[in-house]
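Chain and residue survey
The primary structure of each chain is shown beneath.
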Amino acid sequence: MGTNAGVGMSHHRNPKVAGREAAERALAAAGIDRPDFVFMFASVGYEQRALLDAVRVATGGAPLAGGSGGGVIAGLEADESNFSVAVMTISSDELNFKNAMASGLKANSEAAGRTIAQSLACEVQPDTLGLIMLGDGLTLNFDRFAAGLKSELQLDRHLPLFGGTSADNMEFKQTYQYCDDQITSDGVACVLLSGSARLAWSVNHGCLPIGGERKVTRCSGNVIYEIDGMPVLDVLKEYLVGDEIDNWSKAVLSLCMAFKAPEQIKGYDDYLIRFMPTKDDKAGSITIPTEVEEGTSIWMSRRDHEKISAGVERIGEEIKSTLGNNAPKMVFQFDCIGRGKAVFRDQQKSQILEKLQQKIGPTVPWIGLYTYGEIGPIGGRDYFHNYTAVVLAVY
Amino acid sequence: MSEIDRLRVENQRLSDEVKRLVTTEVQLYEVQEHLDGQMSAYRHLYELGKKFNTTVDLTTILQLAAKFVLYELNFERCLFLLKQSGANSFSIETMDGYYNDAESTVIARLALPTASLALAPLYAGVERVLCLPDCRRSELTSLRRLIGMDEYVVLPLGGEPKNPIRLLVAGNTAGQAPYQRRVVQEGEALLGLANLASQTSTAINNANFYQALEWERQSLEEKVRERTRELSRSLEELRAAQDRLIQTEKLASLGQLTAGIAHEIKNPLNFINNFSALSAELVDELGEVLKPAPLNDLMRQETDEIAKLLKGNLEKVVQHGKRADSIVRNMLMHSRDGSGDRRTVDINTLVGESLKLAYHGARAEKRVIQIRLEQDFDPAAGEAELLPQEITRVLLNLISNGFYAAMKRKAEDDLEGYEPALTAATRNLGDRVEIRIRDNGAGIPSEVREKMFNPFFTTKPPGEGTGLGLSLSFDIVVKQHAGLIEVDTQPGKFTEFRVILPRSAPAGKAEAHT
Ligand SMILES: Nc1ncnc2c1ncn2[C@@H]1O[C@H](COP(=O)(O)OP(=O)(O)OP(=O)(O)O)[C@@H](O)[C@H]1O
Ligand SMILES: [Mg+2]
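Since the model is a prediction, treat every value here as computed from it, not as a measurement. (Residues numbered from 1 in each chain as written. Chains lettered and ligands numbered in written order. Predicted model: local features only at pLDDT ≥ 70, side-chain atom pairs only at ≥ 80, totals over all residues. Heavy atoms only, no water.)

Across its full length, chain B holds 11 helices and 13 strands. Among the 514 residues that make up chain B, the fraction classed as buried is 38%. Across chain B, the fraction of contacts at a sequence separation of at least 24, relative to all contacts at a separation of at least 6, is 68%. (Helix = DSSP H or I, 4+ residues; strand = E, 2+ residues; numbered from the N terminus. Buried < 20%, exposed > 50% of the residue type's maximum accessible area, 1.4 Å probe, protein only. Contact = heavy atoms within 4.5 Å.)

Written out as structure tokens, the structure reads:
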């Protein structure tokens, strides 16, 4: 039989109706009644409990994983309103999805990584392909999480990590992760994907440095205090107009930090991009989602339209060349919230998306989420990204 | 300055330039986004207008408008409230965005007093009432719970200025507000709402206007239909009247003819009757006279025999003479137009008595008859001014025809479970009264129906019927009483004669034909 997957979206304002509608549309698109696994991506305007319950009922309580985002993608539709839900329903006898959830990322992301590893260790098989994860975009420290996960799993091969961090409507207040009937914040929902299939993916950002190289002069863990010996917030003000810094969610959409890409992934890009989800006025600091050391070079950066569009084209080409003539069974897209309506007008946005889908497979079940951070391996190692698109095709 | 220093300065200058450009770009993008937003708001409003144009249903219009408030203006909730004419409160007409069943049932019952202080500014001509999250004015905050919105705006809709008949309320709960369009002191959202209100109001007016036109059209159509019905009814009546006229004229001339003949026959018939009766007596006398005569036995036997035969013959002449006499008398009835006294009689009594009379008459005349009799009298049948004896004759004839038909059917097809029945009914028709005699006999085939009102037409075996019953009845009802006599029959099922009589005597009619 193989794999039957389908996606459905709803914008209905009533969460009970929206959940049911999206799920029913997904089932109809897949041509199935009872799915084996369900992905659910939703925006945060909905009362989350009612929404999840509706999807669960409509999908017969099939195992589910997902998260909230600044918007969702289903097929050609990319919606960044506060009211949209995308559901992917899958029925397969060749693929196997196992979900798990952990929380307490803020307190200890590493422990959360270990918890996930413990839940999924016995599910890891020789045909295990990778792990799709959705962690809280406000609290995930990716490096620590990955370290905890790997140390506990103790695999003698690389288990690629894909996904993104859940988001809200740029309020940076609360994001959600879903696993079966559970809804949590400050948590991570993971799906271990095994089976007789292969993965094709590509990662690309669209940022350009503004001005010259600068150095982190005081920091601790993933918190930065000073750059070039100046308070970090003062440095940022150079790049922002007037009191723009007070509207943080807006400021970080246009401004980010670029780090020199490690030697082993030089072919990917010169820079890895980091955004700054939170600032602390009292401490005069900002936080980034990965660890940083004093003396590290940084470049203040901004998104660039042309680089984004060209980058998406490159994603399409890379995946297509891996796929060859194989058609994907399903595609996941984790796209930065800062790459959607924040830079593109609706029409441009859908043109870019359509072009990408034309390249990879116009009829493939395609689901996506606008995230605060993206996760995708480059050169055999897992990386956390910002202002980036990670596209994963299962074929 | 060294080359390196010069480059460094140049680099700095360029990088500052880029920073400046970036910030300008951000600002430009914001302006563009804002314009896009406005454009799309107007486009959606325009599209809503187009949708409004495709419907004249008030509920649809309000639902579309509420959807617009939720899906385009992005408020969480929307209410349309209506003041019914004469009511002293606004009640919910349409609501959207309430997804908690318990809450929406409560809100749906909301009755917002027109005298509510919250609405006072609208009566003073203020364009809208705003309640922001930090509002402290109790008349506004007290509304929050009633409408389930912590921040809201109320706009008047329709009616006269300062006296709106409808309210549009849009807003959010505190919990959902961060994900919705906020209610603010001023700005696009309020402009959008005001535009929506005026569009909706126009659409409602159009719908009402259309509705009024539609009613007008329907009532006109109804009137035309009514007229057409009346017309076709009158046409039918006219045709029936014409038929009756022709029939009546035919019968009238026939009646005169027969009356003339009857008159001529009556005298000779009198002679025949008188002399035959006399002759019969004379035969007896002859017998007496012959008694003493010396006749041998054989001769006496013969004379007795002849006398007996003679007497028998004479009796037959008497009997048939009498019958001929009755025919002649019946024939003369045709010309005896409007004789007797008109009296006001109670119709139900008249029909009831005729029914009894007919039944006893039939029993006396024939063997015992078995028939179920029913009366279906309208208590409101009332009285009519008529010739009672004549109408009684009509009824007797119709009833005896009915008896005959029902009994005949019983005798002929001897159906299992067939029970002969006859119903006499009356009905008040205002200035007229209806009498119906219905039997469940074999019905009247159409070739009989065409001729049955003709004098001497009968299907009864020779000697049994005169064929004058219906002909006479027709004369009495139509000519003497200006009434109607109609028949409705279904072969194998029933026959119903309907006599319709005016309640009062037609002026001058009674003497018309003498
Ligand atoms: N109720 C009836 N059912 C069936 N046929 C009827 C009925 N009434 C009248 N007719 C038909 O109409 C004919 C004429 O009726 P009409 O009363 O004029 O004369 P008649 O009944 O035949 O004779 P008379 O009235 O002298 O006994 C009848 O012979 C019969 O064929
Ligand atoms: Mg008769």
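Before going further, it helps to spend a moment on the coordination of the magnesium ion (ligand 2). All names here are of chain B. Protein coordination of the magnesium ion (ligand 2) is provided by Asn397 (OD1) and Asn401 (OD1), with donor distances spanning 2.4 to 2.5 Å. Note that Asn397 and Asn401 are positioned in helix H9 (residues 388-413) at a spacing of 4 residues, about one turn of the helix. Residue classification places Asn397 among the buried residues on the basis of a relative accessible area of 14%. Assessed through its relative accessible area of 22%, Asn401 is described here as partly exposed. (Donors = N, O, S within 2.8 Å, 3.2 Å for Na, K, Ca; no water.)

The next point concerns the sheet that holds strand S3 (residues 111-113) of chain B. Residues and elements named next belong to chain B. Pairing in this open sheet of 6 strands is antiparallel, and the strands run S3-S2-S1-S6-S5-S4 from one edge to the other. Only two strands of the sheet have a single neighbouring strand rather than two, namely S3 and strand S4 (129-131). Neighbouring strand axes in the sheet, compared pairwise and without regard to direction, differ in orientation by 25 degrees on average. The pairing of strand S5 (residues 151-157) with strand S6 (residues 166-172) spans 7 bridges and is antiparallel. Bridged to Leu157 within S6 is Arg166. In the packing of helix H3 (residues 101-108) onto the sheet, the strands contacted are strand S1 (77-83) and strand S2 (89-96), and the crossing angle to S2 comes to about 145 degrees. (Pairing = 2+ DSSP bridges. Axes fitted to C-alpha atoms, helices over the stretch in contact; angles between N-to-C directions.)

Before going further, it helps to spend a moment on unusual backbone geometry. Residue and element names in this part refer to chain A. Notably, Asp180 is not glycine yet its phi reads approximately 50 degrees, a positive angle. Looking at where Asp180 falls in the secondary structure, it is placed in the loop between strand S10 (177-179) and strand S11 (182-184). Residue Asp180 is classed as partly exposed on the basis of its relative accessible area, which comes to 26%. At Asp186, a residue that is not glycine, the phi angle is positive and equals roughly 60 degrees. Relative to the assigned elements, Asp186 resides in the loop between S11 and strand S12 (187-195).

Attention shifts here to the packing of helix H3 (residues 109-120) of chain A against helix H4 (residues 142-153) of chain A. All names here are of chain A. Relative orientation of the contacting elements H3 and H4 amounts to 35 degrees, with a least axis distance of 6 Å. For the pair H3 and H4, the crossing hand works out as right-handed. Contact with H3, carried on its side by Ser109, Glu110, Ala112, Gly113, Arg114, Ile116, Ala117 and Gln118, involves Arg144, Phe145, Gly148, Leu149, Ser151, Glu152 and Leu153 of H4 and no other residues of that element. Among the residues forming the contact of H3 with H4, the class breakdown is 6 nonpolar, 5 polar and 4 charged. (Left-handed = near helix turned anticlockwise from the far one by under 90°. Nonpolar A, V, L, I, M, F, W, Y, C, P; charged D, E, K, R; others polar.)

So, about the nonpolar core. Within the largest apolar cluster, 62 residues are counted, with the highest numbers of intra-cluster contacts made by Ile224, Leu236, Met257, Met276 and Ile286 of chain A. Two domains share this core, each providing at least three of its residues, namely domain 1 (3-204 + 308-394) and domain 2 (207-303) of chain A. (Core = buried A, V, L, I, M, F, W, Y, C linked by side-chain atoms within 4.5 Å. Domains from an automatic or database assignment.)

Here we come to the side chain of Ser354 of chain B. Residue and element names in this part refer to chain B. Mapped onto the secondary structure, Ser354 falls in helix H8 (residues 347-365). For Ser354, a relative accessible area of 1% corresponds to the buried category. Leave out the neighbours within four places in its chain, and Ser354 touches Thr392, Leu395, Leu396 and Ile399.

For any two aromatic rings, the description comes down to two numbers: the centre-to-centre distance and the angle of the planes. If you walk through the whole model with that rule in mind, you get 16 aromatic pairs over all chains. Judged by centre distance (5.8 Å) and plane angle (35 degrees), the rings of Phe142 of chain A and Phe384 of chain A are tilted. Of the two residues, Phe142 of chain A is situated in helix H4 and Phe384 of chain A in strand S26 (residues 381-385); the sequence distance between them amounts to 242 residues. The burial state of Phe142 of chain A is the same as that of Phe384 of chain A; both residues are buried. Pairing Tyr359 of chain B with Phe403 of chain B gives two aromatic rings, centres 6.3 Å apart and planes at 75 degrees, and the pair type is edge-to-face. Taken together, the positions of Tyr359 of chain B in helix H8 and Phe403 of chain B in helix H9 put the pair 44 residues apart, joining distant regions of the chain. On the basis of relative accessible area, Phe403 of chain B is assigned to the buried category, the value being 4%. Pairwise contacts between aromatic rings join Phe37, Phe39, Phe97 and Phe332 of chain A into one cluster. Over the aromatic face of Tyr71 of chain B sits the side chain of Arg13 of chain A, whose NZ or CZ is 4.7 Å from the ring centroid. The ring of Phe494 of chain B has Arg438 of chain B sitting right over it, with the charged end atom 4.0 Å from the ring centre. (Phe/Tyr/Trp six-rings, centres within 6.5 Å; stacked < 30°, edge-to-face > 60°. Lys NZ or Arg CZ within 6 Å of the ring centre and 35° of its normal.)

Looking now at empty space enclosed by the protein. On inspection of all chains with the given rule, the structure shows 4 cavities of 30 Å³ or more. If you add up the space inside the largest cavity, you get close to 130 Å³. Around the largest cavity, the lining comprises 14 residues; the ones closest to its centre are Gln333, Asp335, Arg339, Ile352 and Tyr370 of chain A. At 4 residues, helix H8 (residues 346-360) of chain A tops the list of elements feeding residues into the lining of the largest cavity. Residue classes in the lining of the largest cavity are distributed as 9 nonpolar, 2 polar and 3 charged. Quantified by volume, the second largest cavity comes out at close to 40 Å³. Together, Tyr239, Leu240, Glu244, Ser254 and Leu255 of chain A together with Val22, Thr23 and Val26 of chain B line the second largest cavity. Considering every element that reaches the lining of the second largest cavity, the biggest residue donor is helix H1 (residues 3-53) of chain B, with 3 residues. (1 Å grid on protein atoms, 1.4 Å probe; cavity = no way out; pocket = protein on both sides within 12 Å on 5 of 7 lines; lining within 4 Å. Points joined across faces, edges and corners; volume = space filled by probe spheres on them.)

Here we take up the environment of Val343 of chain A. In this fold, Val343 of chain A is placed in the loop between strand S23 (330-336) and H8. When residues no more than four places from it in sequence are discounted, the contact partners of Val343 of chain A are Arg303, His305, Ile308, Gly338 and Gln348 of chain A together with Tyr29 of chain B.

With that settled, the discussion passes to the site of ligand 1. Residues and elements named next belong to chain B. Around ligand 1, the structure places 20 residues, and the nearest of them are Thr458, Thr459, Lys460, Thr466 and Leu470. Contact between ligand 1 and Asn401: an oxygen atom at 2.9 Å from a side-chain N or O atom of the residue. The contact in question runs from a nitrogen atom of ligand 1 to an N or O atom on the side chain of Asp439, over 3.0 Å. Residue contributions to the shell around ligand 1 peak at 4 residues, all from H9. (Near = heavy atom within 4 Å. Polar contact = N/O pair within 3.5 Å; in protein donor to acceptor, adjacent residues only side chain to side chain.)

On to helix H1 (residues 15-30) of chain A, then. Residue and element names in this part refer to chain A. Along its 16 residues, H1 runs 22 Å from first to last C-alpha, staying within 8% of the 22 Å computed at 1.5 Å per residue. Packing partners of the buried residues in H1 comprise strand S1 (3-10), helix H2 (48-58) and strand S6 (85-92). One or two residues past the end of H1 sits Gly31, with phi positive at roughly 70 degrees. (Expected span 1.5 Å × (residues − 1).)

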